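Okay, here's what each chain looks like letter by letter:
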Protein chains: 2
Amino acid sequence: MKLHWSPRSPYVRKVMIVAYEAGLVDRIERMRSVAAMRKPNPAIMRDNPLSKIPTLVLDDGRVLFDSAVICEYLDSLHARTPLFPKSGQTRWDALRWHALGDGLLDALILWRNEREREPGQRLQDLMEAFELKTRAALAVLDRETQPLEAAPFGIGHIAIVCALGYLDFRFAGFDWRSGHQQIAAWFDKQSQRPSVQNTAPVDDQ
Amino acid sequence: MKLHWSPRSPYVRKVMIVAYEAGLVDRIERMRSVAAMRKPNPAIMRDNPLSKIPTLVLDDGRVLFDSAVICEYLDSLHARTPLFPKSGQTRWDALRWHALGDGLLDALILWRNEREREPGQRLQDLMEAFELKTRAALAVLDRETQPLEAAPFGIGHIAIVCALGYLDFRFAGFDWRSGHQQIAAWFDKQSQRPSVQNTAPVDDQ
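Here's what I pulled together on the structure shown here. What you see is a predicted model, and the numbers here were worked out from it, not measured in a lab. (Residues numbered from 1 in each chain as written. Chains lettered and ligands numbered in written order. Predicted model: local features only at pLDDT ≥ 70, side-chain atom pairs only at ≥ 80, totals over all residues. Heavy atoms only, no water.)

## With respect to the nonpolar core
Counting 142 residues, the largest nonpolar core has A:Leu74, A:Leu164, A:Trp176, B:Leu74, B:Leu164 and B:Trp176 as its most contacted members. The residues contacting A:Leu164, other than those within four sequence positions of it, are A:Leu138, A:Leu141, A:Trp176, A:Ile183, A:Trp186 and A:Phe187. (Core = buried A, V, L, I, M, F, W, Y, C linked by side-chain atoms within 4.5 Å. Buried < 20%, exposed > 50% of the residue type's maximum accessible area, 1.4 Å probe, protein only. Contact = heavy atoms within 4.5 Å.)

Right, here's the structure in full:
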């Protein structure tokens, strides 16, 4: 399998954490691919018209995206504990946490894009909206730390780890831990998993 | 069940099409909720910190989001043909089409937001990137019309219908059908399904 990959992308990181947890890393060939919102990348677009990463090209030429689909596909290829619970309440909990982590990431990416515009082209109310939603999401995560700890490590945990890791990577001045000690302690614990350590984001150029 | 709902949102429309297909519409109480990216809505945020719709509040108080999770949950509540194929290649096909439809929608929403800024605050290259990705996605859909027709109607078809319907709703001047006759004819055929007719987008205020 070939993966349009970047060491900076938190969505790619989800896929790589799943690959480590599932013992599949050696089967994935990484292709360094740059997906910038303002610059469509023809090399990615040959496989995904939306020019987004991760995009996975299977050995038979079929293509899978987005990150959620790739993660679930990789989860179908191994016999360890599933990262997507098969059914019932544990599945809805995992998928809701996944959506919360991914939704937080979506807001953070747009917030960062806005912050990096020329000063006269920034929308103040939009940036304040992203900050408010980020703080609200952190408050929910802080309240839900106990159920997160009680649930088996899975796709919800992975998305949340990637979102909090992205806060450290791109919002170093934001101090997201302040006022959210429960989820901050949970994050520090998760950060010791090999799959999380091996995928820490890096600015490679 | 109570649904944070709007007749304008293409993501809410996905949920409502699933509800009609599954025979569950009567069990869903709609709460008209306005989710504007620049104006967080406290009424939504009590249930979803990201202030996005659809958000579904279950009878026992538990909450589900985003649209993909709600659609899959509703699909677990009925005994008709499943809209999420259970496993195998039909599932990956359906989930990839779902990601393609949703990803096209994500690009269209951001394109429209950019287009509605003050002229001096718009990024020309960003708008051109969204147009290029939209055209590339339409070309892929046009090439894949036959497999779409051959597959049982499901979550992939639903997401694509909502994305193309959104082009008609918010990009009336774009003429997306030109050069994409296959997928345009497919869309016209899908538009005759009661679930699609009953959920046509409306500007209600």
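## Points about the side chain of B:Ser51
Checked against the element boundaries, B:Ser51 lands in the loop between helix 2 (42-45) and strand 3 (55-57). Looking at B:Ser51, the relative accessible area reads 3%, which means it is buried. Of the polar contacts made by the side chain of B:Ser51, one reaches the backbone nitrogen of B:Asn41; its length is 2.9 Å. Every residue in contact with B:Ser51, bar those within four places of it in the chain, is listed here: A:Lys133, B:Ala35, B:Pro40, B:Asn41, B:Ile44 and B:Met45. (Helix = DSSP H or I, 4+ residues; strand = E, 2+ residues; numbered from the N terminus. Polar contact = N/O pair within 3.5 Å; in protein donor to acceptor, adjacent residues only side chain to side chain.)

## A look at the relation of the copies chain A and chain B
With an RMSD of 0.0 Å, chain A superimposes on chain B once it is rotated by 180 degrees and translated 0.0 Å along the axis. Taken together, the rotation and translation relating the two chain copies correspond to the operation of a two-fold axis. The position closest to the rotation axis in chain A is occupied by the C-alpha of A:Gln121, lying 2.2 Å away. The residues that chain A uses at the interface reappear at the interface of chain B in 100% of cases, marking a shared surface. (Least-squares fit on C-alpha atoms with pLDDT ≥ 70 in both.)

## Details of the sheet that holds strand 1 (residues 2-5) of chain B
Each strand in a sheet pairs with another by means of backbone hydrogen bonds, the pair being arranged parallel or else antiparallel. All names here are of chain B. Strand order in this open sheet of four strands is 2-1-3-4, and the pairing throughout is mixed. Lying at the two open borders of the sheet, with one neighbouring strand each, are strand 2 (29-32) and strand 4 (63-64). Sheet topology note: the strand 1/strand 3 ladder contains three bridges and is antiparallel. By the bridge assignment, Lys2 is partnered in strand 3 with Val57. Helix 1 (residues 10-22) contacts strand 1 and strand 2 of the sheet and is inclined by roughly 140 degrees relative to strand 1. (Pairing = 2+ DSSP bridges. Axes fitted to C-alpha atoms, helices over the stretch in contact; angles between N-to-C directions.)

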